[in-house]
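Structural overview
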Amino acid sequence: MEGKSAVKGYTLPLSPRGTANLAPAPPWHYAGTVVGVEFFTDPGAAEATLPEGLALDPDTPGRGVAMFIDWQYSATGQEYLDPARSQYREFLTTLDARYDDMPVAWCPYIYVDNDAAMARGWVQGFPKKLGVVHQTRAYPVGNPATPPVGKGGRFGATASSAGQRIAEARVTLEQPLGDPAALMNRPVVNLRHFPRLAAGQHDKPAVHELVLALLDDVSITEAWIGTGELDFLPARGEELADLPVRRTGKGFRFHLAYSVNDLRTLTDYDN
């Protein structure tokens, strides 16, 4: 109404004070612990997930990475002091692809257990769905209830969606990784897609663009690699298991941090 200030916020819900929105404006800061496994699937199955503009990487066709992450998030207001909102868990897969001649990682599936993380992900183009994710924790107390973060340490991780187990992994650590940056050597490409509801325009999305994720101040510490086991399990309403794990490569565990304040549009399909 005339005379009243407009509602505020970065994401929905917009509100009078602008604090009810799920995700405030960037920058967004993340720190977490990753348990992951490199895997190889059928190249045809990997290629079937790629959107227009991406091609299978001919040097590593069918290679992927599955990661289970225990995250803590903050924006500019020390949001980590509210753990119930700032902590969440995530499971995602990436597949090796090419954008023109640039090696990239394409994320076809990702699950989180936090609505704010889902909202931020949709803004970035990550196709986030709700899920439940767990990983083995490690504590520096020398007790049988915790594995060592060192040679012989064993870690497990699981993910489920709508009450159905969709992924499970086991990692056995063997040695420190000399160059931790090797674990994050491909930029992630996402598809920002927001459909229309108006009749006659369901096949004409309001936004449909290929984007490159830009990560600032990336830091990886305490990186260990070893062997990995991984299974994707069939579940109703899911297609993760359509990427059959034919074999696994490295297993790994590390701590990861980065900030997000931008992205790069690669292809706007409407322009």
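What this report covers is the structure whose coordinates are included nearby. (Residues numbered from 1 in each chain as written. Predicted model: local features only at pLDDT ≥ 70, side-chain atom pairs only at ≥ 80, totals over all residues. Heavy atoms only, no water.)

**What to know about the overall build of the protein**
In plain terms, the rule: Counting from the N terminus, the helices are DSSP H or I runs at least four residues long and the strands are E runs at least two residues long. Restricting the calculation to C-alpha atoms gives the radius of gyration, and the globule rule supplies 2.2 Å times the number of residues raised to the power 0.38. Working definition: with a 1.4 Å probe on protein chains only, accessible area under 20% of the residue-type maximum means buried, over 50% means exposed, and in between means partly exposed. Note on contacts: a residue pair is in contact if any heavy atoms of the two residues lie within 4.5 Å. Calculation of accessible area relied on Shrake-Rupley with a 1.4 Å probe; when residues are assessed, cover is drawn exclusively from the protein chains displayed.
Broken down by element type, the protein carries three helices and 12 strands. Against the compact-globule benchmark of 18 Å for 271 residues, the protein has a radius of gyration of 19 Å, which places it among compact chains. Projecting the C-alpha coordinates of the protein onto the three principal axes gives extents of approximately 65 × 45 × 35 Å. The 271 residues of the protein split such that 46% are buried. When contacts within the protein are restricted to residue pairs at least 6 apart in sequence, those whose partners lie at least 24 apart make up 66%. Working note: accessible area of the protein is about 14,100 Å², and carbon and sulfur atoms make up 53% of it.

**Quick notes on the packing of aromatic side chains**
We count it as follows: Pairs were defined over the aromatic rings of Phe, Tyr and Trp, the Trp ring being its six-membered one, requiring ring centres within 6.5 Å. Orientation was assigned from the angle between planes: stacked under 30 degrees, edge-to-face over 60, tilted for the rest. To sit over a ring, a charge needs its Lys NZ or Arg CZ within 6 Å of the ring centre and within 35 degrees of the ring normal.
A full pass over the atoms with the stated rule returns 10 aromatic pairs. Measuring from ring centre to ring centre gives 5.6 Å for Tyr30 and Tyr73, while their planes differ by 50 degrees; the resulting arrangement is tilted. Separated by 43 residues along the polypeptide, Tyr30 in strand β1 (residues 28-40) and Tyr73 in strand β3 (residues 63-74) bring together distant segments of the chain. Seen from the ring of Tyr73, Arg120 lies directly overhead, with NZ or CZ sitting 3.6 Å from the centre.

**Overview of the pattern of salt bridges**
The condition is simple: The term salt bridge refers to a side-chain nitrogen of Lys or Arg lying within 4 Å of a carboxyl oxygen of Asp or Glu.
Applying the stated rule across the entire model yields 17 salt bridges. Here Glu238 makes a salt bridge to Lys129, at a shortest N to O gap of 3.0 Å. With Glu238 in the loop between β11 (207-232) and β12 (247-268) and Lys129 in strand β6 (residues 128-130), the pair connects residues that are 109 residues apart, well separated along the chain. The exposure class assigned to Lys129 is partly exposed, which follows from its relative accessible area of 35%. Here the salt bridges share partners, and the residues they tie into one network are Glu38, Asp57, Asp59, Arg63, Asp96, Arg98, Arg186 and Lys250.

**Focus: a nonpolar patch on the surface**
Rules: Like charges within 9 Å and nonpolar side chains (Val, Leu, Ile, Met, Phe, Trp, Tyr) within 5 Å are joined into patches, using only residues over 30% in relative accessible area that form no salt bridge.
On the surface, Val7, Leu12 and Leu14 cluster together into a nonpolar patch covering about 300 Å² of accessible area. Secondary-structure assignment places Val7 in the segment before β1. According to the relative accessible area criterion, Val7 is partly exposed, its value standing at 49%.

**Section: the nonpolar core**
Selection criterion: To define a nonpolar core, start from buried Ala, Val, Leu, Ile, Met, Phe, Trp, Tyr and Cys residues and group those joined through side-chain atoms within 4.5 Å.
Ranked by internal contacts, the top residues of the largest apolar core, which has 38 residues, are Leu54, Phe68, Phe91, Ile166, Ala167 and Phe232. The contacts of Ala167, once residues within four sequence positions are left out, are Phe68, Phe91, Ala157, Thr158, Ala159, Asp231, Phe232 and Leu240. The next biggest cluster of nonpolar side chains, apart from the first, holds 31 residues, and it includes Ala23, Met67, Leu92 and Ala117.

**With respect to the pairing of strand β8 (residues 154-161)**
Stated formally: We treat two strands as partners when DSSP finds at least two bridges between them.
For β8, a buried count of seven out of eight residues is recorded, marking the element as mostly surrounded by other parts of the structure. The sheet contact formed by strand β7 (residues 132-135) and β8 spans four bridges and is antiparallel. Across the sheet, the residue bridging to Val132 is Ser160, located in β8. With antiparallel pairing between neighbouring strands as the criterion, β8 and strand β9 (residues 164-176) make up a hairpin whose turn holds two residues, including Ala162 at a positive phi of roughly 50 degrees.

**Things to note about unusual backbone geometry**
The omega torsion across Leu12 and Pro13 is -5 degrees, close enough to zero to call that bond cis. Look at the link from Pro26 to Pro27: it is a cis peptide, with omega at 15 degrees. Within the element layout of this structure, Pro27 appears in the segment before β1. Of note in the backbone geometry, Asp100 takes a positive phi value of approximately 55 degrees without being a glycine. Mapping Asp100 onto the fold places it in the loop between β4 (87-99) and β5 (102-112). Judged by relative accessible area, which is 61%, Asp100 ranks as exposed.

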